[in-house]
Amino acid sequence: MERHILVTGGAGFIGSNFIAHMLINSNYFITNVDSLTYAGNFENTIPFEKSNRYRFIKADIGQKDELSKVYDQKYYAIINFAAESHVDRSIEDALPFIHTNIYGTYNLLQAVLTGKAQKMIQISTDEVYGSLEPDESPFIETTSLAPNNPYSASKASADLLVRSFFKTYQLPLTITRCSNNFGPMQHTEKFIPKVITNALNNIEIPIYGDGLNIRDWIYVEDHCRAIHSVLEKGVSGEVYNIGGSEEKTNLEIIDCILKELGKDKNLIKHVADRKGHDRRYSMDSSKISSELGWKPIISFNEGIKKTKEWYRQREQNSG
Ligand code: NAD
């Protein structure tokens, strides 16, 4: 039987990596709906057009009428990646975050409620849990939500809407919360692509505050494999934390990339800290490991080599 899935935000970083993964590792037919904001890169999706299991529809998930054009068929599942995703932009203007991350999620939940899709996976983030002290244990799925910036608040709001639709209407909904991703096809406004492309071009590398903020990094392909397991084996109403178990300070990341590229440390420039900057994130992924058999398989160093190579080739091709 043909099964169709609706991937939202599939021209973005993780969505496009997920579609690439699913075209190779599954038989699903994939509809990619994306409004192609500044963060969406249509070029990322061009290779998918070769597959007869793929189609692209341009629409805004926050506009119910516009979105209705994707429902010319029923979906086995919606996987909701579409989001405004950059914390700094949310500090400048939170409205687009409320539109896409909250209102857009609500529209997709309505689609499940009215039978247009059988189930939905909400792609969320560790940022909904807030910040950890250096000696605190990693976040678990029942850690209280304590978002500290408009981006994470909009994602936490969406998670609560998903929870409420599960509790109220008993819909088959799951939430995944992942730590910081890195890998090919990420926008260069984000930390690791910015460090790599600036270093390749001998441009100063800005680093917030003392550079000692800690993130738990995961290679994007490992995240995509985790979402695939949740699609196949995830239990409705559950939340699954996904992390790479690779906690690193921002300075450690820059050091590693500069060494990898053979560049000098004097490219680093400390700048004023981000407002409300969370100090540390760390994920406990033991639930998804023990219940769904997933674990990350690409180490940070291996992932950085692949990522560096992808950006190096892209810089070369763009002349
Ligand atoms: P991204 O910014 O690279 O991509 C977002 C995509 O969504 C873009 O293609 C954009 O055009 C599209 N989009 C934005 N608004 C839209 C709208 N209203 N309608 C339709 N499409 C719209 O983001 P990403 O890094 O790939 O993140 C994907 C998801 O994963 C997000 O929900 C994010 O919160 C979550 N997440 C990201 C990370 C990370 O490290 N990048 C970690 C954990 C969770």
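So, here is what we can say about the structure in this document.

Criteria and thresholds
- Residues numbered from 1 in each chain as written.
- Predicted model: local features only at pLDDT ≥ 70, side-chain atom pairs only at ≥ 80, totals over all residues.
- Heavy atoms only, no water.
- Helix = DSSP H or I, 4+ residues; strand = E, 2+ residues; numbered from the N terminus.
- Buried < 20%, exposed > 50% of the residue type's maximum accessible area, 1.4 Å probe, protein only.
- Contact = heavy atoms within 4.5 Å.
- Areas by Shrake-Rupley, 256 points an atom, 1.4 Å probe, with all protein chains shown as cover.
- Lys, Arg positive; Asp, Glu negative; His and termini not counted.
- Charge placed at Lys NZ, Arg CZ, Asp CG, Glu CD.
- 1 Å grid on protein atoms, 1.4 Å probe; cavity = no way out; pocket = protein on both sides within 12 Å on 5 of 7 lines; lining within 4 Å.
- Points joined across faces, edges and corners; volume = space filled by probe spheres on them.
- Nonpolar A, V, L, I, M, F, W, Y, C, P; charged D, E, K, R; others polar.
- Pairing = 2+ DSSP bridges.
- Axes fitted to C-alpha atoms, helices over the stretch in contact; angles between N-to-C directions.
- Near = heavy atom within 4 Å.
- Polar contact = N/O pair within 3.5 Å; in protein donor to acceptor, adjacent residues only side chain to side chain.
- Salt bridge = Lys/Arg side-chain N within 4 Å of Asp/Glu carboxyl O.
- Core = buried A, V, L, I, M, F, W, Y, C linked by side-chain atoms within 4.5 Å.

The secondary structure content of the chain amounts to 11 helices and 12 strands. For the chain, the spread of C-alpha atoms along the principal axes amounts to about 55 × 45 × 40 Å. Residues counted as buried form 53% of the 319 residues belonging to the chain. Counted over contacts in the chain with a minimum sequence separation of 6, partners at least 24 positions apart contribute 81%. Within the structure as shown, the chain displays about 14100 Å² of accessible surface, and the carbon and sulfur contribution to it stands at 49%. One way to put it: in the chain the 36 positive side-chain charges average out to a point 4 Å from where the 40 negative ones average out.

Another point: the layout of surface pockets. A volume near 510 Å³ is recorded for the second largest pocket. In terms of lining, the second largest pocket is formed by 21 residues, of which the most central are Asn 17, Asn 44, Pro 184, Met 185 and Trp 310. Mapped by element, the contributors of at least two residues to the lining of the second largest pocket are α1 (13–25), α2 (42–45), α8 (220–233) and α11 (300–317). Among the elements that line the lining of the second largest pocket, the one with the most residues is α1, at five residues. Of the residues that constitute the lining of the second largest pocket, the class distribution is 10 nonpolar, seven polar and four charged.

Attention now goes to the sheet that holds strand β1 (residues 4–8). A sheet is described by the order of its strands in space; here seven strands give the open sequence β3-β2-β1-β4-β5-β6-β10, paired in parallel fashion. Edge positions in the sheet fall to β3 (54–58) and β10 (239–242), since each of these pairs with one other strand and no more. Neighbouring strand axes in the sheet, compared pairwise and without regard to direction, differ in orientation by 20° on average. In this sheet, β10 lies alongside strand β6 (residues 173–178) in parallel orientation, the contact comprising four bridges. Counterpart to Thr 176 in the pairing with β10 is Tyr 240. Running at roughly 155° to strand β5 (residues 117–125), helix α5 (residues 95–113) makes contact with β1, β4 (75–80), β5 and β6 of the sheet.

Surrounding the ligand, one finds 28 residues, the nearest of these being Asp 34, Asp 60, Ser 85, Tyr 151 and Lys 155. Note that a nitrogen atom of the ligand is positioned 2.9 Å from one of the backbone N or O atoms of Ile 61. For the ligand, an oxygen atom lies 3.4 Å from a polar atom in the backbone of Ile 123. Within the complex, the protein chains bury 96% of what would otherwise be the 840 Å² of accessible surface of the ligand. The element contributing the most residues to the shell around the ligand is β5, with three residues.

With that settled, consider the pattern of salt bridges. Counted under the stated rule, the structure contains 13 salt bridges. Residue Arg 177 is joined to Asp 159 by a salt bridge in which the shortest nitrogen-to-oxygen separation is 2.8 Å. Here Asp 159 lies in helix α6 (residues 150–169) and Arg 177 lies in strand β6, a separation of 18 residues in the sequence. Residue Arg 177 shares its accessibility class with Asp 159, and that shared class is buried. In this structure, the salt-bridge partner of Arg 279 is Asp 210, at a minimum N-O distance of 2.8 Å.

Once that is clear, we can look at the nonpolar core. In terms of nonpolar packing, the biggest core is built from 31 residues, with Ile 5, Phe 18, Ile 30, Ile 79, Phe 81, Leu 231 and Ile 288 touching the most fellow members. Listed by contribution, the elements that provide at least two residues to this core are β1, α1, β4, β5, α8, β10 and α10 (286–292). Leave out the neighbours within four places in its chain, and Ile 30 touches Ile 5, Val 7, Ile 19, Met 22, Leu 23, Arg 53, Tyr 54 and Arg 55. Counting residues in hydrophobic clusters, the runner-up holds 30 residues, among them Leu 67, Ile 78, Tyr 129 and Leu 173.

A few words now on the sheet that holds strand β9 (residues 214–219). The three strands are arranged β7-β9-β11 in an open sheet whose pairing can be described as mixed. Strands at the two margins of the open sheet, each flanked by one partner only, are β7 (180–182) and β11 (247–249). Direction aside, neighbouring strands of the sheet carry axes that sit 50° apart on average. Bridge analysis of β9 against β11 gives three bridges, and the strand direction is antiparallel.

Without other data, these values stay purely geometric and don't point to any function.
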